[in-house]
Amino acid sequence: MSQTSPQPDSAIDWIGRLIRFDTTSRNSNLALIDMVRSTFERFDMVSHLTYDASGKKANLYATLPAADGNTQGGIVLSGHTDVVPVDGQAWDTDPFDPVIRDGRLYGRGACDMKGFIGTALSLLPQMRRTRLAKPIHFALSYDEEVGCVGAPLMLADLQARGQRPEGCIVGEPTSMRVIVAHKGINAWRCCVRGQAAHSSLTPKGLNAIEYAARLICFIRELADEMRIAGPYDEAFDVPFSTAQVGTIQGGIAINTIPALCQFDFEHRNLPGADPARFFARIRAYAEEELLPRMRSESPEAAIDFESLASAPSLDASEQAAITQLVRALTADQAHRKVAYGTEAGQFQQAGIPAVICGPGDIRQAHKANEFVALDQVAQCEGFLRGVIDNLAQQS
């Protein structure tokens, strides 16, 4: 790491080690997972892996038991190991070779979210020395950046093993401020199938793009309805649920009636809003309004939907012990809510109260020259030391 050589096994050293693994979501994360798992083994921690279908990615869940050997209860420190691509971004340095400059640590994942993971790992010696009254758990996931895909497998395994932590801190970059709510994220793919024909013979074909366009316009109408009619939550920067179409492909030539059109769309729902109801209205419009007209032109017409991602919203309870602890340790009582999604909602859905608090600014995430400020790392270190002290046995 250039300019400054961090102390071995310090938070900065650990963050740098993690950044050097190119864990872009399209790649395997197993090299990083194996390294961290070996570290856990040196601290006599029991770990569990859950793999994706390819076997090339894994979640890692590890527990440092309480002094009496108990592994139940306690607090989870949660972070995702994958990062977004650097393709097409103009970095000043190699994004996977961390650099310290002007009080900042630069590298892909520096704030999102290897900064939190590295800081937590650097405190393993203190955790091991402390006579814990309750255990500390690490939950490191894969494929958060492509729809929070990995964490549900880890949580299902946790439930199957009868583990029930008392709370979870998700260390997404919040500038070490407390986030108690976020929107849900839901994404679908729609495939509209028509019938090809020469464009001079339009009655002989069925234009898939044109019918896809009608469905896209209906999705926009639903988005406008949510913007105008609510419900609203003014604590969010965008205080209503949203929807939009993000990608579209269709057609092969200007003189050929397109037989296929495919588009992806998303819905970000406020806590309490039902994404299933939103999607049901789209499916009903497709099946009851569009398909009958399409099949009157071509019996083989079809509209198919595929779920791409679904991550529930978070709405943390102010009465939950984890919320009160994080607020006390940060001296932060503000009621913040964000539009972006995290795995915190998945922990909450699994019955584990969760809040979000971690080093770095979300505005630096996913950009060229991503960085985490060194003073943010120091704040996170102090915060996590407070978590450890809170779990210590009282003499």
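Residues numbered from 1 in each chain as written. Predicted model: local features only at pLDDT ≥ 70, side-chain atom pairs only at ≥ 80, totals over all residues. Heavy atoms only, no water.

- In the nomenclature of an unreviewed UniProt entry, the protein chain corresponds to Acetylornithine deacetylase from the organism Bordetella trematum.

1. Quick look at the overall build of the protein chain
Phase 1: Across its full length, the protein chain carries ten helices and 18 strands.
Phase 2: In terms of overall size, the protein chain behaves like a compact globule, its C-alpha atoms giving a radius of gyration of 24 Å where 395 residues would be expected to give roughly 21 Å.
Phase 3: If you line up the protein chain on its principal axes, its C-alpha atoms span 85 × 45 × 35 Å.
Phase 4: Sorting the 395 residues of the protein chain into buried and exposed places 53% on the buried side.
Phase 5: As displayed, the protein chain has an accessible area near 17200 Å², and 50% of this comes from carbon and sulfur atoms.
Phase 6: Taking the average place of the 37 positive charges on the side chains of the protein chain and the average place of its 47 negative ones, the gap between the two points comes to 1 Å. (Helix = DSSP H or I, 4+ residues; strand = E, 2+ residues; numbered from the N terminus. Rg over C-alpha atoms; globule rule 2.2 N^0.38 Å. Buried < 20%, exposed > 50% of the residue type's maximum accessible area, 1.4 Å probe, protein only. Areas by Shrake-Rupley, 256 points an atom, 1.4 Å probe, with all protein chains shown as cover. Lys, Arg positive; Asp, Glu negative; His and termini not counted. Charge placed at Lys NZ, Arg CZ, Asp CG, Glu CD.)

2. Thoughts on the packing of helix α1 (residues 11-19) against helix α3 (residues 114-122)
Phase 1: Running from N to C, α1 and α3 point in directions that differ by 130°, and their axes come no closer than 8 Å. Here α3 runs oblique to α1, going by the angle between their axes. Once α1 is placed against α3, the crossing between them reads as right-handed. Residues Ala-11, Trp-14, Ile-15, Leu-18 and Ile-19 of α1 form the contact with α3, whose own contacting residues are Lys-114, Gly-115, Ile-117, Gly-118, Thr-119, Leu-121 and Ser-122.
Phase 2: Here the contact of α1 with α3 is built from residues that sort into seven nonpolar, four polar and one charged. (Axes fitted to C-alpha atoms, helices over the stretch in contact; angles between N-to-C directions. Parallel < 35°, antiparallel > 145°, perpendicular 65-115°, else oblique. Left-handed = near helix turned anticlockwise from the far one by under 90°. Contact = heavy atoms within 4.5 Å. Nonpolar A, V, L, I, M, F, W, Y, C, P; charged D, E, K, R; others polar.)

3. Re the UniProt feature "domain: Peptidase M20 dimerisation" (unreviewed entry) in the protein chain
Phase 1: Here, the residues flagged by UniProt with the feature "domain: Peptidase M20 dimerisation" (unreviewed entry) are residues 180-291.
Phase 2: With 35% helix and 32% strand, the stretch residues 180-291 has end C-alpha atoms that lie 42 Å from each other. (UniProt positions renumbered as here; feature names shortened; annotations may be inferred.)

4. Describing helix α8 (residues 321-330)
Phase 1: Residues of α8 that are buried include every one of Ile-322, Thr-323, Leu-325, Val-326 and Arg-327, and no others.
Phase 2: Packed against the buried residues of α8 are β3 (75-80), β7 (167-170), β8 (179-182), β17 (354-356) and α10 (374-391).
Phase 3: Looking at the residues trailing α8, positive phi occurs at Ala-331, about 55°.

5. With respect to the side chain of Gln-126
Phase 1: Topologically, Gln-126 is positioned in helix α4 (residues 124-129).
Phase 2: Of the residues examined, Gln-126 reaches a relative accessible area of 11% and is grouped as buried.
Phase 3: Filtering out sequence-adjacent residues up to four positions away, Gln-126 remains in contact with Arg-385, Ile-388 and Asp-389.

6. A short note on the environment of Leu-153
Phase 1: Mapped onto the elements, Leu-153 comes out in helix α5 (residues 151-160).
Phase 2: Discounting residues that sit within four places of it in the chain, Leu-153 has contacts with Thr-50, Tyr-51, Asn-59 and Tyr-142.

7. A word on the sheet that holds strand β13 (residues 260-269)
Phase 1: The four strands lie next to each other as β11-β13-β9-β14, forming an open sheet whose pairing is antiparallel. The open sheet has two edge strands with one neighbour each: β11 (242-250) and β14 (302-311). Here the strands of the sheet are splayed against their neighbours by 15° on average, with no regard to which way each runs.
Phase 2: Relative to the sheet, helix α7 (residues 275-297) contacts β9 (184-193), β11, β13 and β14, its axis offset from that of β14 by approximately 170°. (Pairing = 2+ DSSP bridges.)

8. Overview of the pairing of β8
Phase 1: Where β8 lies against strand β16 (residues 336-338), three bridges are found, and the strand directions are parallel. In the strand pairing of β16, His-182 is matched with Val-338.
Phase 2: Taken together, the two bridges between β8 and strand β15 (residues 314-315) define a ladder with antiparallel strand orientation. Note that in β15 the partner of His-182 across the bridge is Leu-314.

9. Quick look at the sheet that holds strand β18 (residues 371-373)
Phase 1: Strand order in the open sheet formed by three strands is β4-β5-β18, and the pairing between neighbours is antiparallel. Taken across any chain shown, the strands that pair with only one partner, and hence form the sheet edges, are β4 (99-101) and β18. Sheet twist, expressed as the mean angle between neighbouring strand axes with direction ignored, is 25°.
Phase 2: Of the strand pairs in this sheet, β4 and strand β5 (residues 104-106) are connected by three bridges, and their pairing is antiparallel.

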